[in-house]
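Results of the structural survey
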Amino acid sequence: MGNQDRHHQNWGFILSKNELRLAPSFDHASGLASKVSDKEAKERLTTKDRCRNVEFFCKRAKTPFFKESTKLKTFEVVKELCKNPQTRHYALKWIDRISNLKDFEYILHKIPSKFMTQNQKNFVIEMLKFNIREIKGLKDE
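Below, the structure is looked at part by part. (Residues numbered from 1 in each chain as written. Predicted model: local features only at pLDDT ≥ 70, side-chain atom pairs only at ≥ 80, totals over all residues. Heavy atoms only, no water.)

**Here we look at the environment of Arg60**
- Structurally, the position occupied by Arg60 is in the loop between α2 (54-59) and β3 (62-67).
- Note: C-alpha distance between Arg60 and Leu72 (12 residues apart in sequence) is 9.9 Å. (Helix = DSSP H or I, 4+ residues; strand = E, 2+ residues; numbered from the N terminus.)

In C-alpha cells form, the structure reads like this:
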C-alpha cells in the first residue's frame, strides 16, 4: 500500500498446473510513504496543487509491467488483473482483503513521534484511505 519502489524484483506470479496467481507481496521497505519527509507530508496534505496532493502521489506509483508498449501504474495493473479470467479471482480476493483493512489509524497513532511525525501519520492515513477507495472501485469495473 503506497510503495513507490515497485520494480521487477518486487513482483511475482505463481504458475501451478493451469493456474496463474499473484505471488505474496514482499520488499516493503519503501512502503507507507517512508521516504516522505514531515515537510513534504504537510505540503501534500494542504496544497491546492492537484499535481502535488496525496491523490497524485498515490496515482503515480509505477510497476515494471507493460501493456503493449505502455508502462502500467499500480491501479492499472490491478484493473488488468481483474479483467483477466485467469487472475480475476485472485485479484478480487486481494481487493477484499485490502477493502477490509481496519484499525490502521489507531495503529499509526501509536507510533512514537521520534519515528513518525503527526504530519507523516496523517499523510499515510489519507494515502491508505485513497488507495482503498480506488482499489474497491476497480472491483466493480
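Okay, back to it.
**Topic: helix α3 (residues 74-83)**
- Along α3, the residues that are buried comprise Phe75, Val77, Val78, Leu81 and Cys82. Each buried residue of α3 sits inside an arc of 155 degrees when the element is viewed along its axis, so together they form one side. (Buried < 20%, exposed > 50% of the residue type's maximum accessible area, 1.4 Å probe, protein only. Arc of directions from axis to C-beta.)

**Concerning the nonpolar core**
- Of all hydrophobic cores here, the largest spans 28 residues; its most connected members are Ala33, Phe123, Val124 and Met127.
- Looking at this core, the elements that each hand over two or more residues are α2, α3, α4 (88-99), α5 (104-110) and α6 (118-139).
- By residue number, the principal contributor to this core is α6, which donates nine residues.
- When neighbours within four sequence positions are excluded, Phe123 is seen to be in contact with Ala33, Val36, Ala41, Arg44, Leu45, Val54 and Phe57. (Core = buried A, V, L, I, M, F, W, Y, C linked by side-chain atoms within 4.5 Å. Contact = heavy atoms within 4.5 Å.)

**A few points about the packing of α3 against α6**
- For the pair α3 and α6, the least separation of the axes is 10 Å and the interaxial angle reads 25 degrees. Taken together, the axis directions place α3 and α6 in an arrangement best described as roughly parallel. In this structure, α3 crosses over α6, and the sense of that crossing is right-handed. Along its contact with α3, which presents Phe75, Val78, Lys79 and Cys82, the element α6 presents Phe130, Asn131, Glu134, Ile135 and Leu138. (Axes fitted to C-alpha atoms, helices over the stretch in contact; angles between N-to-C directions. Parallel < 35°, antiparallel > 145°, perpendicular 65-115°, else oblique. Left-handed = near helix turned anticlockwise from the far one by under 90°.)

**Considerations on the packing of α4 against α6**
- As a packed pair, α4 and α6 sit with axes 9 Å apart at the nearest point and diverge in direction by 145 degrees. Handedness of the crossing formed by α4 with α6: left-handed. The residues of α6 that touch α4, namely those facing Arg88, Leu92, Ile95, Asp96, Ile98 and Ser99, are Ile132, Ile135, Lys136 and Lys139.
- For the contact of α4 with α6, the class distribution of residues is five nonpolar, one polar and four charged. (Nonpolar A, V, L, I, M, F, W, Y, C, P; charged D, E, K, R; others polar.)

**Remarks on a positive patch on the surface**
- On the surface, a cluster of positive charge is contributed by Arg60, Lys62, Lys71 and Lys73.
- Residue class for Arg60 comes out partly exposed when judged on its relative accessible area of 34%. (Patch = residues over 30% accessible without salt bridge, like charges linked within 9 Å, V, L, I, M, F, W, Y side chains within 5 Å. Areas by Shrake-Rupley, 256 points an atom, 1.4 Å probe, with all protein chains shown as cover. Salt bridge = Lys/Arg side-chain N within 4 Å of Asp/Glu carboxyl O. Lys, Arg positive; Asp, Glu negative; His and termini not counted. Charge placed at Lys NZ, Arg CZ, Asp CG, Glu CD.)

**Considering helix α1 (residues 38-46)**
- Every buried residue of α1 is accounted for by Glu40, Ala41 and Arg44. Projected onto a plane normal to the axis of α1, the buried residues spread over an arc of 100 degrees and lie on a single side. With respect to the buried face of α1, the exposed residues turned more than 90 degrees away are Lys39 and Thr46.

**Brief notes about the pairing of β3**
- Note that β3 and strand β4 (residues 70-73) share three bridges and pair antiparallel. Paired with Phe66 across the two strands is Lys71, which belongs to β4.
- Taking the residues that link successive antiparallel strands as the turn, the β3-β4 hairpin has two residues, and the phi of Glu68 there is positive, at about 60 degrees. (Pairing = 2+ DSSP bridges.)

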